[in-house]
Every structure is written in structure tokens, then in C-alpha cells.
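Listed here are the chains, written in short residue letters.
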Amino acid sequence: MTSVTTFDADALLVELVATPEGRADPYPRYAGLRAQAPVHRSGFGFWALTRYDDCQYVLRHPKVGKDFSGAASALGLSDAQRDEQARFREDRSNMLVTDPPDHTRLRGLASRAFTPRTVETLRPGVVAMVDELIDAFRAGEVDVMQALAFPLPVTVIGEMLGVPAEDREQLRPLVRAVTAVLELVVTPEALSAATAANATLERYFADLVAERRARPQDDLLTRLIQAEDEGDKLSEPELVSTAILLFAAGFETTTNLIGNAVLGLLRHPDQLDRLRADRALVKPAVEEILRYDSPVQIAVRTAYEDMDVGGRRVEAGSTVLALLGAANRDPARYTDPDRLDVGRSEGAPISFGSGIHFCLGAALARLEGQVVLDRLLERFRSIELVDGDPVHRDSLTLRGLVALPVRFTP
Ligand code: HEM
């Protein structure tokens, strides 16, 4: 590959992660990468994959994993900050950051609560929650992010896990601060805030674990405390870390699914009308929104041995980014991929990842997305965007909106 191509591809990567334009619309940049350098070794020390098959290949590869101790740091950090970031990378206390056999044990202990069948039993409760939130919409304009997209998922996961209702709001900024470490670019300030927020979350959940040990309840946290997997319980740090992971993963992403779904449909009124006319399309519509504008755009891995990816040699020790949002728009996988089509039936998108780390909460997220769309259509005759260009959050790995003002007419 010529240096010119490398330069172009890296310039596109910088636009993606570091400019408001790139964050507002990463898709043309992904298309550029996919066309010019689909398996790209960046000058920043990582590989970036933009084709669906390559992303699947890497995420399912047995010699690819989550040990990031040798990985390049986020862009633009000093040595001291690199050490700070490394502390997050060396965490091995929950399923998201471990390889087998620990991954198998940690995931196994939590997985029963998230099977599609168990999750389906939550549907009536989720419908009631959505209706209650809609009842509280003020007449006229509503910020969907504040009024629905945040409170629903945090309530659902909070109830499941056993996080008291009165504590949830205060945990939100802490979770958000910690997710900064998932980004490719993290400022020194954001990194310090993430470290401090993580410490606060650890104290909070350690206290909650102690409380549940003393007074067991009918909730997931109590079940995790009591869990025995062939005699292999979770250690205290693993319990705390797993509780934080489930709580955080349970709402940050789903909040963005709801926001991205409402925005996507309002920007495509023909698709909204189609959905209104045929509510059986709600399920495929949620899959399509996940594909079209995935709440998680990147999954990161380390190659543990040399491997061929899409015709290029990726060396052992390399950090590899699967750009899920790009894979979801791969024309080799989806017909006319830039079109939002709520009736599309071309298979599940890669938005929940793939392989052993496939999202544990996928069924729950789908359920919440489906109920929201169904109830909004049921309750409102007209739904309109107030601002055609709402602002995206300052992040790429987690893709979502800052606010989404919408006018609802009952
Ligand atoms: C639309 C919403 C969601 C999206 C797009 C999403 C996406 C993802 C992705 C891409 C991964 C894989 C990360 C990787 O391979 O490195 C993942 C893992 C995970 N997700 Fe989700 N997620 C969503 C909602 C949820 C919910 C509601 C929960 C509930 C607790 C959840 C819990 C988890 C957990 C525990 C993992 C780690 C699984 C493992 O490492 O084995 N997610 N999610």
C-alpha cells in the first residue's frame, strides 16, 4: 500500500474520532476506509477493519482476545496518563475484559437472567414503564433523551439488578465518565474523571453488595452473590466489577438505541408511516435501526498470533478495531446499505458484537427498543423532529445524541 493511501486512511480515522462532522456522520468516512483500505494498519498503532466478514472473522477467532496490556495508548496522552489508562486495561475482573476460562465462568454466572425467554417475561413491566414515562411527557416539545431514552433502560436494569431507584440518577454521570476510556481519543481531563468516577462506582457497589449480603433480596445482585458455579463463586472484586458492568452496559447503550431509533425514523418519514401502518414491522425495524446507526460502533481486540485478515498479515500483539458501524453498512453484506428499510430481512447486524463476547443484554435491549417504538406509535398520531440536526455526543465508540427535541401530538 502506498504512503498516500495510508495518509488518507489515517486522516479519515482522525476525522471520525476527533471532529464534530465525523461524529455526526461517520458513515461516508467508513465507506472511504472500506473502499480504500478495508484492512488498514494505521499510523497510530492499531488495525482498523471496516468489512463485515473481516469483523466477524476477528471477533470469532479463538486466537484473538481481550488482553490489552501491550496495546498502544489512546491518542495524545502523556506517559503518566498512559499508566493511568493502563490500569483500566489491566482490569481482569469482569466478562467484558477477560478471555476464557475466566470469561466463561464470569459470563456463565450472570447469563441466566438475560436469556431471551427470561427477558420476554419482563415485557408487560416494560410496557407499563414506557406508558408511565409517556404519561409524564409535557404537552408540546419533549426531549426524548431525558424523558424516555435514559429513564427507561436505567429503570429496567436498576430493577433487575436491585439498584435502589433513588440512587440511579446520581450514578448516571459516573457511568458516563467511565465510558470515556472506551474511546480512541481520551483527553487527560476525561481520563482523570473516569478514574475518579470508577472509584466512586466501586465504593457504591461494594456497599450495595455488603447490604445484599446482610439482607438478601429477590434481585440479580443477590443471585450473583449466592451463585455457585461448580463451587466457583465470584470474588469480591469480580462481584463489584460485574455489577458495575451490568448496570452501565444496561443503560448507556440502550439509551442510545432509543435515541438513534427515534431520530432515524423521524428522518425517514416514509419508514415511520410504513411502521405505523404495519406494527408487525416493529421487530425488524429495531434490527434495522441497530444496523443503520449502531449504538456501539467499535469492538477492540488483541491478536494473540500472526493471522491473515482479508488478505493482509496482522502480527501477533496487534490491536485490532472492528468498526461495527462500518461493517453494518458493507455493500458486500447488505443491499443498498445506506438506505433505512424497516422491512429489511438480511440477518442480524453486528451491532451486538460476535463470538464469545456477543452482547449478553441483546434480548433486553431489543425488547426495550421494540416496546418504545410500539408505544410511541400507539399513543401519538403525529411525531415530528423539532431540530432536524440534533447534536451527537462527543464519542464514537458509544454513538448517541446529547438531546432530541421532538413534538408529539396525541
Ligand atoms: C442497544 C443496546 C446494546 C448494544 C448496541 C450493545 C452492544 C454490545 C457489544 C458490541 C458488545 C460486545 C463488546 C465486545 O465484543 O468487545 C456487548 C457486550 C456486552 N453487553 Fe451489550 N449492548 C447493548 C445493551 C446491553 C444491555 C441492555 C445489557 C444488559 C446488561 C448489556 C450487557 C452486555 C454485557 C454484560 C456484555 C459483555 C459480554 C461479554 O463480554 O461476554 N448490553 N454489548
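Above this text you will find the structure in question.
So, a few notes on the structure that sits alongside this text.

As for the overall build of the chain
Then step 1. Broken down by element type, the chain carries 18 helices and 10 strands.
Then step 2. Its C-alpha atoms give the chain a radius of gyration of 21 Å, near enough to 22 Å, the size a compact globule of 410 residues would have.
Then step 3. Structurally, the chain occupies a C-alpha span of about 60 × 55 × 40 Å along its principal axes.
Then step 4. Buried residues in the chain amount to 54% of all 410 residues.
Then step 5. Only carbon and sulfur atoms are counted for the fraction: they give 53% of the accessible area of the chain, which is about 17,500 Å².
Then step 6. Between the centroid of the 47 positive side chains of the chain and the centroid of its 61 negative side chains there is a distance of 3 Å.

Some words on the pattern of salt bridges
Then step 1. In the structure shown here, the tally under the stated rule is 33 salt bridges.
Then step 2. A salt bridge links Asp394 to Arg23; the nearest nitrogen and oxygen atoms lie 3.1 Å apart. Here Asp394, found in the loop between β9 (382-385) and β10 (405-409), pairs with Arg23, found in helix α2 (residues 20-24); they are 371 residues apart in sequence, far enough to count as distant.
Then step 3. Here Arg23 falls in the buried class, since its relative accessible area comes to 12%.
Then step 4. Residues Arg41 and Glu315 are paired through a salt bridge, measuring 3.0 Å at the closest nitrogen-oxygen approach. Of this pair, Arg41 sits in strand β1 (residues 39-41) while Glu315 is found in the loop between β7 (312-314) and β8 (319-323), placing the two residues 274 residues apart along the sequence.
Then step 5. With a relative accessible area of 42%, Arg41 lands in the partly exposed category.

Re the coordination of the iron atom of the ligand
Then step 1. The protein supplies the iron atom of the ligand with one donor atom, Cys359 (SG), which lies at 2.3 Å.
Then step 2. Looking at the secondary structure, you find Cys359 in the loop between α17 (324-327) and α18 (362-379).

Description of α18
Then step 1. The first and last C-alpha atoms of α18 sit 26 Å apart over 18 residues, in line with the 26 Å expected at 1.5 Å per residue.
Then step 2. With 14 of its 18 residues buried, α18 lies for the most part within the structure.

Regarding the environment of Leu340
Then step 1. Considering the arrangement of structural elements, one finds Leu340 in the loop between α17 and α18.
Then step 2. Since its relative accessible area comes to 2%, Leu340 is described here as buried.
Then step 3. Between the C-alpha atom of Leu340 and that of Glu141, which follows or precedes it by 199 residues, the distance is 26 Å.
Then step 4. Setting aside residues no more than four positions away along its own chain, Leu340 makes contact with Gly264, Leu265, His268, Gln271, Glu288, Ile289 and Tyr292.

The rules behind the values
Residues numbered from 1 in each chain as written. Predicted model: local features only at pLDDT ≥ 70, side-chain atom pairs only at ≥ 80, totals over all residues. Heavy atoms only, no water. Helix = DSSP H or I, 4+ residues; strand = E, 2+ residues; numbered from the N terminus. Rg over C-alpha atoms; globule rule 2.2 N^0.38 Å. Buried < 20%, exposed > 50% of the residue type's maximum accessible area, 1.4 Å probe, protein only. Areas by Shrake-Rupley, 256 points an atom, 1.4 Å probe, with all protein chains shown as cover. Lys, Arg positive; Asp, Glu negative; His and termini not counted. Charge placed at Lys NZ, Arg CZ, Asp CG, Glu CD. Salt bridge = Lys/Arg side-chain N within 4 Å of Asp/Glu carboxyl O. Donors = N, O, S within 2.8 Å, 3.2 Å for Na, K, Ca; no water. Expected span 1.5 Å × (residues − 1). Contact = heavy atoms within 4.5 Å.

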